[in-house]
Amino acid sequence: EVRYYVSYLPNLDELERLSRFEMKQLHDQHWKIETFHRVIKHVCNIERFYVRNTQAIRKHFFCSFRAFSHLQNLGLNCLIPNLYAISRQLFIPVIRQFILERYTPSLLT
């Protein structure tokens, strides 16, 4: 799939000197930003807060960013295989327990 990237270069002559390596570096930087946004939303739940108080919202944001920092440290120290591993480790047992508590053989027939 073809992708297009936009980059600001104040001098158009610089565009001709932009190498494939530099373009790859720009792409990698962009991908890190995308990964940050995805993890902060899906794993750290920055969008899910049920408070309206300004101080409580700030605390929620702080805690979400702190959680992301902690996940990054775990990943860098090779303690987790990826940033989603913690989420899976937490929720798979909970989902399993939910199913087992509500399972009855009559539901399958």
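Described below are features of the structure shown in this document. (Residues numbered from 1 in each chain as written. Predicted model: local features only at pLDDT ≥ 70, side-chain atom pairs only at ≥ 80, totals over all residues. Heavy atoms only, no water.)

**Remarks on the overall build of the protein**
What the protein contains, in helices and strands, is five helices and zero strands. Reading the protein from its N end, one meets helices and strands in the order α-α-α-α-α. Rg of the C-alpha trace for the protein: 21 Å, well past the compact-globule value of 13 Å for 109 residues, more than 25% over. Dimensions of the protein, computed from the C-alpha atoms along their principal axes, are close to 70 × 45 × 30 Å. Counting every position in the protein, which comprises 109 residues, the buried fraction comes to 13%. Residue pairs at least 24 apart in sequence account for 38% of intrachain contacts in the protein once pairs closer than 6 positions are excluded. If you sum the accessible surface of the protein, you get close to 9900 Å²; carbon and sulfur atoms cover 60% of it. Taken as two groups, the 15 positive and 9 negative side-chain charges of the protein have centres that lie 15 Å from each other. (Helix = DSSP H or I, 4+ residues; strand = E, 2+ residues; numbered from the N terminus. Rg over C-alpha atoms; globule rule 2.2 N^0.38 Å. Buried < 20%, exposed > 50% of the residue type's maximum accessible area, 1.4 Å probe, protein only. Contact = heavy atoms within 4.5 Å. Areas by Shrake-Rupley, 256 points an atom, 1.4 Å probe, with all protein chains shown as cover. Lys, Arg positive; Asp, Glu negative; His and termini not counted. Charge placed at Lys NZ, Arg CZ, Asp CG, Glu CD.)

**Focus: unusual backbone geometry**
At N45, a residue that is not glycine, the phi angle is positive and equals roughly 55°. Note that N45 resides in the loop between α2 (20-42) and α3 (54-76). Here N45 falls in the partly exposed class, since its relative accessible area comes to 24%. Positive phi, normally seen in glycine, also occurs at C78, with a value near 60°. Residue position: C78 is located in the loop between α3 and α4 (85-102).

**Examining the packing of aromatic side chains**
Across all of its chains, the model carries four aromatic pairs by this definition. Centroid distance F36 to F68: 4.8 Å. Interplanar angle 90°. Geometry classified as edge-to-face. Of this pair, F36 sits in helix α2 while F68 is found in helix α3, placing the two residues 32 residues apart along the sequence. By relative accessible area, F68 is classed as buried at 13%. A ring pair is formed by F61 and F65, whose centres lie 6.5 Å apart and whose planes are at 90°; its orientation type is edge-to-face. With a gap of four residues between them, F61 and F65 both fall in helix α3, about one helical turn apart. Residue class for F65 comes out partly exposed when judged on its relative accessible area of 36%. Pairwise contacts between aromatic rings join F36, F49, F61, F65 and F68 into one cluster. (Phe/Tyr/Trp six-rings, centres within 6.5 Å; stacked < 30°, edge-to-face > 60°.)

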